[in-house]
Amino acid sequence: MKILVVGSGGREHAIIWKLAQSSRVSKLYCAPGNGGISDLAECIPVNVNNIEGIVEAAKQIKADLVVVAPDNPLADGMVNVLEDAGIRAFGPKREAALIEASKVFSKNLMSKYEIPSAKYKVFDDSRQAKLYLKDTEYPVVVKADGLALGKGVIICNSPGEAEEAVTNVMEKRQFGDSGSKVVIEEFLQGTEVSILAFTDGKTIVPMLSSQDHKRALDGDMGLNTGGMGTFAPSPVYTSDIEKICMEKIFLPTIDALNSEGRTFKGVLYFGLILTEKGPMVLEYNARFGDPETQALLPLLKNDLVDVFDAVIDGKLHDIKIEWKNDACVCVIMASGGYPGNYRKGLRITGIDEALKDPNVVVFHAGTRKTDGQYYTDGGRVIGVTACGINMDKARERAYKAVSKIHFDGAHYRKDIGSNLPRVK
Ligand code: AMP
Ligand code: GLY
């Protein structure tokens, strides 16, 4: 089989790394890919948002399957267009991807089908929003309706901050049309857990639980980032909590989407928060998470092609998805200055040395390869992943590998997967 993966980050490298282990795969392609991906797949220089370009590339290489990984092309209907062109594709169609692409849609869906989530109000007029903010409880969360590169959620501690958020999102259109509406919602407290699940629209199979460290600095300090590291499984996500989530969140979400004529096939990501009132949904994503995927796929026992096939063909109940009994930690090495300004083009050394431990995998996020050398090419540069019989062992191996890798100004958190909260 020839498979084309759309995307260019660490998540896509992890998907390709896993697909490369399948005996069913004869050749892998990635558009546009990155330095690390180019070691496993032929990279095609087509942007992820160029739907026509991707369809054309898939036809040219006679792809048997196209895996659409990032949020924007899913929201824009890349899977619809691929299928219309007779090309087999993995990922939700536009109608279903709306669960991530519109927070107003996802909040209204949860409200209609009684899926636990924060109390909220929707505004399409900034004056009305500001009026409401004068007389509400703080902190409060302001969310741009549409996709905003993961930056559209603003936690506000005072009316001044909240007003500024509304001005930036709705009036100055900091995130373009994504800010034509906002959701203003209650601030929830608890431990956040990511549950990614395979679903064919009838059956839903959650992967292992994972947790993402979003802040730039140790101890969850500093600015929000795309994610500085992840670990799986989460010690706070017990089987009792999983049962509650299945009954109150996962199955009701699949049913709700079906009832709305928006059957979801692909990976549905539940951003959960475990509150005193029980688990609630903070957000949905219509795709594999980044960097959660980098800590999950190394633990998956199945051939990923079999799982993708089962999802696409509506046969997920026919296969058994199995996981290793291990733990996995992914530490992101970022460019100095990230998530603010940072330099590109710095030479990366030591990856070969790090890979001498067979339990370690290095997933490239923002790199390029020139003349056999890797160079930095983005804010998040690489994700150093290691597995072990428990979290301590996995973390020790991951940090040992990190210590072997160098580029000028490299920044990483030292506490990924440590000081884990215990179940109350
Ligand atoms: P994003 O993944 O960009 O949608 O950002 C969501 C992040 O914002 C979550 O991971 C939480 O940390 C935070 N967040 C979103 N909604 C709430 C809420 N209602 N209460 C507390 N934190 C929230
Ligand atoms: N790790 C969060 C996301 O993929 O959106």
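Residues numbered from 1 in each chain as written. Chains lettered and ligands numbered in written order. Predicted model: local features only at pLDDT ≥ 70, side-chain atom pairs only at ≥ 80, totals over all residues. Heavy atoms only, no water.

S.K.: Please explain the site of ligand 2 as it appears in this structure.
M.R.: Around ligand 2, the neighbouring residues are Asp212, Tyr269, Asn285, Arg287, Gly289, Asp290 and Glu292. Residue aspartate 290 places a main-chain N or O atom 2.9 Å away from an oxygen atom belonging to ligand 2. Within the side chain of glutamate 292, an N or O atom sits 2.8 Å from a nitrogen atom of ligand 2. The class makeup of the residues in the shell around ligand 2 is one nonpolar, two polar and four charged. (Near = heavy atom within 4 Å. Polar contact = N/O pair within 3.5 Å; in protein donor to acceptor, adjacent residues only side chain to side chain. Nonpolar A, V, L, I, M, F, W, Y, C, P; charged D, E, K, R; others polar.)

S.K.: Looking at this structure, how should I read the sheet that holds strand S16 (residues 278-285)?
M.R.: The pairing of strands in a sheet comes from backbone hydrogen bonds and takes either a parallel or an antiparallel form. Pairing in this open sheet of eight strands is antiparallel, and the strands run S16-S15-S10-S11-S14-S17-S22-S19 from one edge to the other. Every interior strand has two partners, whereas the edge strands, S16 and strand S19 (360-364), have only one. Taking each pair of neighbouring strands and ignoring which way they run, the sheet shows an average axis angle of 25 degrees. Summarising the sheet, strand S14 (residues 229-232) and strand S17 (residues 327-334) pair through four bridges and their orientation is antiparallel. Across the sheet, the residue bridging to threonine 230 is cysteine 330, located in S17. The strands touched by helix H13 (residues 391-404) are S14, S17, S19 and strand S22 (380-388); relative to S17, the strand with the most contacts, the crossing angle is about 30 degrees. (Pairing = 2+ DSSP bridges. Helix = DSSP H or I, 4+ residues; strand = E, 2+ residues; numbered from the N terminus. Axes fitted to C-alpha atoms, helices over the stretch in contact; angles between N-to-C directions. Contact = heavy atoms within 4.5 Å.)

S.K.: What is the right way to read the sheet that holds strand S8 (residues 153-156) from this model?
M.R.: Strand order in this open sheet of four strands is S6-S9-S7-S8, and the pairing throughout is antiparallel. Edge positions in the sheet fall to strand S6 (120-123) and S8, since each has one partner strand and no second. The average undirected angle you get between the axes of adjacent strands in this sheet is 20 degrees. Sheet topology places strand S7 (residues 140-144) next to S8; four bridges connect them, and they run antiparallel.

S.K.: Before we go on, may I ask you to explain the site of ligand 1 in this structure?
M.R.: Neighbouring ligand 1 are 15 residues; Glu185, Glu186, Leu188, Glu192 and Glu283 lie closest to it. Residue glutamate 186 places a main-chain N or O atom 2.9 Å away from a nitrogen atom belonging to ligand 1. In the model, an oxygen atom of ligand 1 is placed 2.8 Å from a nitrogen or oxygen of the glutamate 283 side chain. When contributions to the shell around ligand 1 are tallied by element, the ones reaching two or more residues are S7, S8, strand S9 (182-186) and S16. Among the residues making up the shell around ligand 1, the classes are represented as seven nonpolar, one polar and seven charged.

S.K.: So what exactly am I meant to see when it comes to the pattern of salt bridges here?
M.R.: Opposite charge on two side chains lets them pair, provided their charged atoms get close. Inspection of every chain in the model, using the stated rule, returns 24 salt bridges. Of the charged contacts, one joins arginine 24 and aspartate 309 as a salt bridge, the two residues approaching to 2.7 Å between their closest N and O atoms. Here aspartate 309 lies in helix H11 (residues 304-312) and arginine 24 lies in the loop between helix H1 (10-19) and strand S2 (27-32), a separation of 285 residues in the sequence. Using a relative accessible area of 14% as the deciding quantity, one classes aspartate 309 as buried. (Salt bridge = Lys/Arg side-chain N within 4 Å of Asp/Glu carboxyl O. Buried < 20%, exposed > 50% of the residue type's maximum accessible area, 1.4 Å probe, protein only.)

S.K.: Help me out: how do you make sense of the packing of aromatic side chains in this one?
M.R.: Any aromatic ring pair is given by two values, namely how distant the centres are and how the planes are angled relative to each other. Tallied over the entire structure, the rule returns nine aromatic pairs. A centroid spacing of 6.2 Å and a plane angle of 80 degrees characterise the contact between phenylalanine 198 and phenylalanine 288, whose relative ring orientation is edge-to-face. Here phenylalanine 198 is found in strand S10 (residues 191-199), whereas its partner phenylalanine 288 is found in the loop between S16 and helix H10 (292-296), with 90 residues between them in sequence. Taking relative accessible area as the criterion, phenylalanine 288 reaches 4% and is therefore assigned buried. A network of ring pairs unites the aromatic residues Phe90, Phe198, Phe288 and Phe308 as a single cluster. (Phe/Tyr/Trp six-rings, centres within 6.5 Å; stacked < 30°, edge-to-face > 60°.)

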